[in-house]
Structures are given as structure tokens and as C-alpha cells.
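Coordinate inspection notes
The primary structure of each chain is shown beneath.
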Amino acid sequence: MSQPILQVEHLKKYFPAGGRKVLRAVDDVSFSVQEGEILGIVGESGCGKTTCGRTAIGLYSKTDGVSLYRGEDIHRMRGAKRRAFCCQVQTVFQDPYASLDPKNKVIDLIAEGMDIHHLYASQAERREKVQALMEQVGLNPSGIDRYPYEFSGGMRQRIVIAIALAANPDILICDEPTTALDVTIQSQILELINKLKRERQLSVIFITHDLGVVANMADRVAVMYAGKIVEYGTAEDIFYRAAHPYTWALMSSMPDLDTNEKLEAIPGTPPNMIYPPVGDAFAARNKYAMQIDFEQQPPMFQISDTHYAATWLLHPDAPKVEMPKIIVDRIRRMKEKNGGAADGE
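Residues numbered from 1 in each chain as written. Predicted model: local features only at pLDDT ≥ 70, side-chain atom pairs only at ≥ 80, totals over all residues. Heavy atoms only, no water.

**Overview of the pairing of strand β10 (residues 228-234)**
The cut-off we apply is this: Accessible area is worked out with a 1.4 Å probe on protein chains only. A residue is then buried under 20% of its type maximum, exposed over 50%, and partly exposed in between. For helices the rule is a DSSP run of H or I covering at least 4 residues; for strands it is a run of E covering at least 2, with both sets numbered from the N terminus onward. In this scheme, strands are said to pair when DSSP sees at least two bridges between them.
The element β10 is largely enclosed, with a buried count of six among its seven residues. For strand β9 (residues 220-225) and β10, the ladder comprises six bridges, and the chain directions are antiparallel. Considered in β10, the bridge of Ala 222 is made with Tyr 232. Relative to strand β12 (residues 308-309), β10 runs antiparallel, the two being bridged by two bridges. From the neighbouring strand, Tyr 232 faces β12, where its bridge partner is Tyr 308.

**A short note on the pairing of strand β8 (residues 203-208)**
Our working definition: If the strands point away from the viewer and the path from the first strand over the helix to the second runs clockwise, then the crossover is right-handed.
Most of β8 sits inside the fold, with six of its six residues counted as buried. Alternating residues of β8 divide into Ser 203, Ile 205 and Ile 207 and Val 204, Phe 206 and Thr 208, and every residue in both groups is buried. Of the strand pairs in this sheet, strand β3 (residues 38-42) and β8 are connected by five bridges, and their pairing is parallel. Across the sheet, residue Gly 40 finds its bridge partner in β8, namely Phe 206. Pairing analysis gives five bridges linking strand β7 (residues 171-175) to β8, with the strands arranged parallel. Considered in β8, the bridge of Ile 171 is made with Ser 203. The β-α-β motif built from β7, the intervening helix α7 (residues 183-200) and the parallel element β8 has right-handed crossover chirality.

**Thoughts on the layout of surface pockets**
Spelled out, the test is: Note on definitions: the grid is 1 Å and covers protein atoms alone; a cavity is a set of points where a 1.4 Å probe fits but cannot get out; a pocket is an open set with protein on both sides within 12 Å along at least five of seven lines; lining residues have an atom within 4 Å of a point. Grid points are joined across faces, edges and corners, and a volume is the space filled by probe spheres set on the points.
One number sums up the size of the largest pocket: a volume of about 1200 Å³. Secondary-structure elements contributing two or more residues to the lining of the largest pocket are α7, α8 (211-215), α9 (235-241), α10 (245-252) and α11 (325-337). Ranked by residues supplied to the lining of the largest pocket, first place goes to α7 with six residues. Reported here for the second largest pocket is a volume of approximately 480 Å³. Contributing to the lining of the second largest pocket are 25 residues, with Asp 28, Lys 228, Ile 229, Met 300 and Ala 310 lying nearest its centre. Contributing elements (two or more residues each) for the lining of the second largest pocket: β2 (22-33) and β10. In terms of residue count, β2 provides more of the lining of the second largest pocket than any other element does, five residues in total.

**Brief notes about the side chain of Lys 197**
Applied cut-off: Charge assignment in this entry is limited to Lys and Arg as positive and Asp and Glu as negative, and neither His nor the chain termini are counted. Any carboxyl oxygen of Asp or Glu within 4 Å of a side-chain nitrogen of Lys or Arg constitutes a salt bridge here. Under the rule applied, a polar contact is a pair of N or O atoms within 3.5 Å (in protein, one hydrogen donor and one hydrogen acceptor; residues adjacent in sequence only if both atoms are side-chain atoms). Note on contacts: a residue pair qualifies if any of its non-hydrogen atoms lie within 4.5 Å across the two residues.
Here Lys 197 is to be found in helix α7. Buried within the structure, Lys 197 lacks any salt-bridge partner; its nearest side chain of opposite charge belongs to Asp 219, at an N-O separation of 4.1 Å. Within the structure, Lys 197 has its side chain in polar contact with the backbone oxygen of Gly 36 (distance 3.1 Å). Leaving out residues up to four positions away in the same chain, Lys 197 has contacts with Gly 36, Glu 37, Ile 38, Leu 202, Val 204 and Asp 219.

**Remarks on unusual backbone geometry**
The phi dihedral of Arg 70 falls on the positive side, at around 50°, and the residue is not glycine. Inspection of the secondary structure puts Arg 70 in the loop between β4 (64-69) and β5 (72-73).

**Overview of the nonpolar core**
Note the cut-off: What makes a nonpolar core is a set of buried Ala, Val, Leu, Ile, Met, Phe, Trp, Tyr and Cys residues whose side-chain atoms join them at distances within 4.5 Å.
In this structure, Ile 161, Phe 206, Leu 211 and Phe 239 are the most contacted members of the largest nonpolar core, which totals 65 residues. Those residues in contact with Ile 161 that lie beyond four places of it in its chain are Val 92, Val 137, Ile 189, Leu 192, Ile 193 and Leu 196. Listed in part, the 27 residues of the second largest apolar core include Phe 31, Val 33, Tyr 69 and Met 224.

Put into C-alpha cells, the structure is as follows:
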């Protein structure tokens, strides 16, 4: 496999929490992103996924670990190298209402990155580039001189995506880009991101709390809980062969229109990471927890060349626990819909 465009190794981000206390928002996280790949980072609110993404690209300083862009340490970049990197990695944030300055016209919002990095030779070229970007994200270029309040929520998010594309990036960080939008608009934005990824050969990190959103988008998925990645693999690994009880719990709580089964809520709340538990952070909410879960953190067990999970259930001496029936039934229905293509059938 070729060198990843983004390589994150043992990344940590701790925030001061008064006195000697720290909040372990991201704690020893490792992942990579290949060129042209979509990596989904999934987990409940507060699991550290947004902080992980922002620290990985240098928006936050790191506590420890390393984050490499094409082999270069992001947190050590300075001067011209740092400015060039800022062109190559752009972020689409969750709330389009908060992302756009209401006092500026759309042309100035989209062109701001081009202004900073001197990416045009004349005002005419500047205007042409902005119009082309508006067309690319599905907006009418005639709205170039309008203000953000004159657009709907979905159209504003398209403007935000155009802003991210203005510097012609290699990597797009999408941080819950559909959460603030209506359901019908969500699907349009997801389709747009997929289209742009194909047309521009973008690498995408898609951060979300919704496993269902990444099911049809991601090439690989990292499931985060309490600042750590607890399961990591291809989309097929996660959706057809999930091994961690937390991933099972997320899948069991996903709405499914093809069944009348009652959704299974995840009991309890995530731990306070100012006072992290001694063992597995998910143990108190895990109905499959064993005594060792409350005493030691599990290592990351390798299931296959592409699939890893941090659960003591994968230890050779652990009792055999079957995947919950609600998930087994869902997988069967998904395979039937896909004509048995998944899982090598």
C-alpha cells in the first residue's frame, strides 16, 4: 500500500481541567487516510471525535503523538510550508449559520482563501473562480452578490463547502456537516460530498454520531468511545462483522424501517474523562462486561489484516459471545438487499 496522505500515530490531546487535573479528550489514537479515501469517525457526542480531527490537522496543539501529512509532521510545520498545508486541508463545520459572516457577500466569503493565498491574477479571474465553485456545489452563480441570510440552510452549507474547495485541497474534514439540516437536505449534501470526492480525488474524514450516514459513504470506519478508537476497519468489517460491544450498541440503536423491532438504547452515560475509569471505559455500560473489563484496559486485538477491536471478548480465554440477534437480522437483510455481495458471498 502507498504512503497515506494523512498518518496519525498515538495522538493525545488533554485539556487543563483545574489544578493538576486534565480532561483526556483524545487518548492514544492512531489511524491513516489514503488518497481518494473516505474515513468515517463515529461515536456519541463527547467521545472526542471532533477534537481528534482538529488535533490531527493542527487546529489544536497536541499533547503527544504525531500527525503526518505526506510524511511531514504537521505540528512542526512553520512559515511557507505551514501556509501551503493550510491550502491542502480544509474543514466543513457542523453549523452553516455560524460558519458564514452575515456582513459579507457570498463572493467575498468564498474568495477569502484565494485572497489570503493569492490564487488569482485579476478581479475578473477571482469572480470567475467563485462562479465556477458555486456551480460545482450546485448553486446558481447569479447569487454571487447576495448575503448568507438570503439562502436556505442547505444552500448555506453548499456555500461552506465551496469555501473549503476554494484553495483546491487534498483533504476535506467534514465535521457533522448534515446534523443541522433537514433530512431531505442531508441526503443531497452527502451526495454532493461523494461527487466532489470522485471528481477532485479528495481524501475525506467524515466525523459523525450517525453510523447510518457513513454506511453508504465510508471506505473505512473508526469507532470512538471516551477518547479512544475501540474498533477500526473497512466499512464491510464494521457493518457486517462488528466485534466490539459498543459498535453493537450503536448499530442496535439505529432506526430501521424494514422491521418493527424495538430499538435498544445504550444504558448509562459516558465516563467523565477527567477521572477516567481504571479498566475499559465502556465496561459500566456493557452488558457483556467481564471482571477484567473493570480492571484493565483491553489492547487492540487484530481480527484480520484490515479489522481491529479493543475488547476482552476477543481474548482466546474469553467466553464466546454471539453478536446480538437484532444485528444479525439486520446484516441478513442488508446482504439480501445487496444480492449477497457483501462478505464475499
